[in-house]
Amino acid sequence: MLKRINDALPELILGILIYEIVVEFTGIWFVKDKLGYSIGLLIGAATAIGMAVHMAVVLRDSMDMAEAGRTRRIALQYVLRYLVVVAIFFVTAYFEIGNVILAFVGVMGLKVGAYVQPFTHKVILKLLGRGDESS
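Below or above, wherever it landed, is the structure these notes cover. (Residues numbered from 1 in each chain as written. Predicted model: local features only at pLDDT ≥ 70, side-chain atom pairs only at ≥ 80, totals over all residues. Heavy atoms only, no water.)

Angle between the axes and distance between the axes are the two parameters that describe a pair of packed helices. Closest axis-to-axis distance for the helix H4 (residues 67-94)/helix H5 (residues 100-107) pair is 9 Å, and the angle between their directions is 150°. Taken together, the axis directions place H4 and H5 in an arrangement best described as roughly antiparallel. As for the relative orientation of H4 and H5, their crossing is right-handed in sense. Across from Phe89, Thr92 and Ala93 in H4, the residues of H5 making contact are Val100, Ala103, Phe104 and Val107. For the contact of H4 with H5, the class distribution of residues is 6 nonpolar, 1 polar and no charged. (Axes fitted to C-alpha atoms, helices over the stretch in contact; angles between N-to-C directions. Helix = DSSP H or I, 4+ residues; strand = E, 2+ residues; numbered from the N terminus. Parallel < 35°, antiparallel > 145°, perpendicular 65-115°, else oblique. Left-handed = near helix turned anticlockwise from the far one by under 90°. Contact = heavy atoms within 4.5 Å. Nonpolar A, V, L, I, M, F, W, Y, C, P; charged D, E, K, R; others polar.)

What follows is the structure, given as structure tokens:
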């Protein structure tokens, strides 16, 4: 389903998940509040994945629009996406659901996932036995 939205989206999400697992298992040993750490990171990971899917859907849907409307729609959706992220951080901090700093670290998984996407693409192709096909 994700591949129908954008070919690179599953690989991006895989990169986010790998990053989150690495952060979870390396950092959990150094904190006192292990539950807050894990919940904060989980909130950040879910937010990062949601942002990735939202960006892919907005870009796909915007390609059918006129250029002037496309630019405006992408800009508005960008602002909406970051307002939602700020709201998630606020709710996390206000209700002390999890560690808000770790939620931020989790959201940064979107950036890491984007940087490692070419690598995850190659790994997936090798696992599927397709060799060095271009995307």
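Further notes follow.
Ranked by size, the top nonpolar core spans 15 residues in total, and within it Leu9, Leu12, Ile16, Met51, Ala52, Phe89 and Leu110 carry the most contacts. Ranked by residue count, the leading element in this core is helix H3 (residues 34-62), at 5 residues. Here leucine 12 is in contact with Ala52, Leu110, Gly113, Ala114 and Gln117, once residues within four sequence places are set aside. (Core = buried A, V, L, I, M, F, W, Y, C linked by side-chain atoms within 4.5 Å. Buried < 20%, exposed > 50% of the residue type's maximum accessible area, 1.4 Å probe, protein only.)

So, on to helix H6 (residues 109-127). An α-helix turns once per 3.6 residues; consequently, residues spaced three or four apart project the same way. In a regular helix each residue adds 1.5 Å, so 19 residues correspond to 27 Å; H6 covers only 23 Å between its end C-alpha atoms and thus falls short of that length. Of all the bends in H6, the largest measures some 55° and sits at valine 116, one to four residues before the proline proline 118. Turning to H6, its buried residues are Gly109, Leu110, Gly113, Gln117, Thr120, His121 and Leu125. Of the surrounding secondary structure, the elements contacted by the buried residues of H6 are helix H2 (9-27), H3 and H5. Residue glycine 129 follows H6 closely and has a positive phi angle near 75°. (Expected span 1.5 Å × (residues − 1). Bend = angle between axes of the 7 residues up to and from the residue.)

Pairs can form between side chains of opposite charge whenever their charged atoms are close. A full pass over the atoms with the stated rule returns 1 salt bridge. Notably, a salt bridge pairs aspartate 61 with arginine 60, separated by 3.1 Å at the nearest N-O pair. We classify aspartate 61 as partly exposed; its relative accessible area is 30%. (Salt bridge = Lys/Arg side-chain N within 4 Å of Asp/Glu carboxyl O.)

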